[in-house]
Amino acid sequence: MKAMILAAGRGNRLRPLTDRKPKPLIRVGKRTLIEHHLFNLAAAGFESVIINTAYKGEQIRKYLGDGSAHNIPIIYSDEGERALETGGGISYARPLLGDEPVLVISADIYCRIPFDTRFALADSHLHLFMVNNPEHNASGDFSGSQIKLNEHTSQRFTYSGVAYIDPKLFAHEKRVYPLIETIHHCISNGNISAELFTGAWFDVGTGSRLHTANKFALCN
């Protein structure tokens, strides 16, 4: 199975740190954010990883190289100066993804979600990992009934930034749009599934949240 790490964003909320380097290269614990994902993907046996880049993408490419130092081949999808957002990034990289399920990970999270090359999209085209709502997203993103996490609950949960996708959901195009468009499309068609992850998960979107994630990583 292939994986894709979404790493093209600007990281405005982490400025001034991201004025000098892209957010995926910010360190959490002993590794950079993106290296945590690469380490876990390699350990799980993924065959390769596609990394999309835009803002300061040359730094990511120079730092990671071809992936040999992390025991997983890396293929880059360069979007140019303007990032295409999460959905657009997947669409632009569509020729690199193949036709089998792909694990997609947002580079700006730190988590212990288990990655599994044997995962199968049984009755859906999109499988989301959800988490209980953090303080910064108290109202959540989707209800359990919307995403088939629990057919009978209106309780809302937050999308973790990790999902298994059917690449055939995406047309190869260069268009700026968020992944949430595809998620809503799958909700409308009933082609979605989800599971709740209750372990360690941090959205490293601000300085204070980076501090919290860093403290956890150094102690665990």
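Our subject is the structure that appears above.
Residues numbered from 1 in each chain as written. Predicted model: local features only at pLDDT ≥ 70, side-chain atom pairs only at ≥ 80, totals over all residues. Heavy atoms only, no water.

Student: Explain the overall build of the chain here, please?
Tutor: Regarding its fold elements, the chain presents 7 helices and 12 strands. The C-alpha radius of gyration computed for the chain amounts to 16 Å, which stays within 12% of the reference 17 Å derived for 220 residues, consistent with globular compactness. Along the first, second and third principal axes, the C-alpha atoms of the chain reach 45 × 35 × 30 Å. Across the 220 residues that make up the chain, the buried fraction comes to 52%. Sequence-distant contacts in the chain: of pairs separated by 6 or more residues, those separated by 24 or more amount to 77%. As presented, the chain carries roughly 10,300 Å² of accessible surface, and 48% of it is formed by carbon and sulfur atoms. (Helix = DSSP H or I, 4+ residues; strand = E, 2+ residues; numbered from the N terminus. Rg over C-alpha atoms; globule rule 2.2 N^0.38 Å. Buried < 20%, exposed > 50% of the residue type's maximum accessible area, 1.4 Å probe, protein only. Contact = heavy atoms within 4.5 Å. Areas by Shrake-Rupley, 256 points an atom, 1.4 Å probe, with all protein chains shown as cover.)

Student: Got a minute to help me understand the environment of Gly-190 in this structure?
Tutor: Within the secondary structure, Gly-190 sits in the loop between α6 (179–189) and β11 (192–196). Through-space distance from the C-alpha of Gly-190 to that of Ile-147 is 8.2 Å; in sequence the pair is 43 residues apart. Dropping the residues within four chain positions of it, Gly-190 is found in contact with Asp-123 and Lys-148.

Student: Hey, could you run me through the pattern of salt bridges in this one?
Tutor: Close approach of charged atoms allows side chains of opposite charge to pair. A full pass over the atoms with the stated rule returns 9 salt bridges. The partner of Asp-116 in a salt bridge is Arg-118, and the shortest N-O contact between them spans 3.2 Å. In this structure Asp-116 comes out as partly exposed when scored by relative accessible area, which is 27%. Look at Arg-118 and you get exposed, because its relative accessible area is 71%. With a shortest N-O distance of 3.6 Å, Arg-175 and Glu-181 are connected by a salt bridge. Looking at Arg-175, the relative accessible area reads 35%, which means it is partly exposed. On the basis of relative accessible area, Glu-181 is assigned to the partly exposed category, the value being 40%. In this structure, a network of salt bridges that share partners links the residues Arg-10, Arg-15 and Asp-19. (Salt bridge = Lys/Arg side-chain N within 4 Å of Asp/Glu carboxyl O.)

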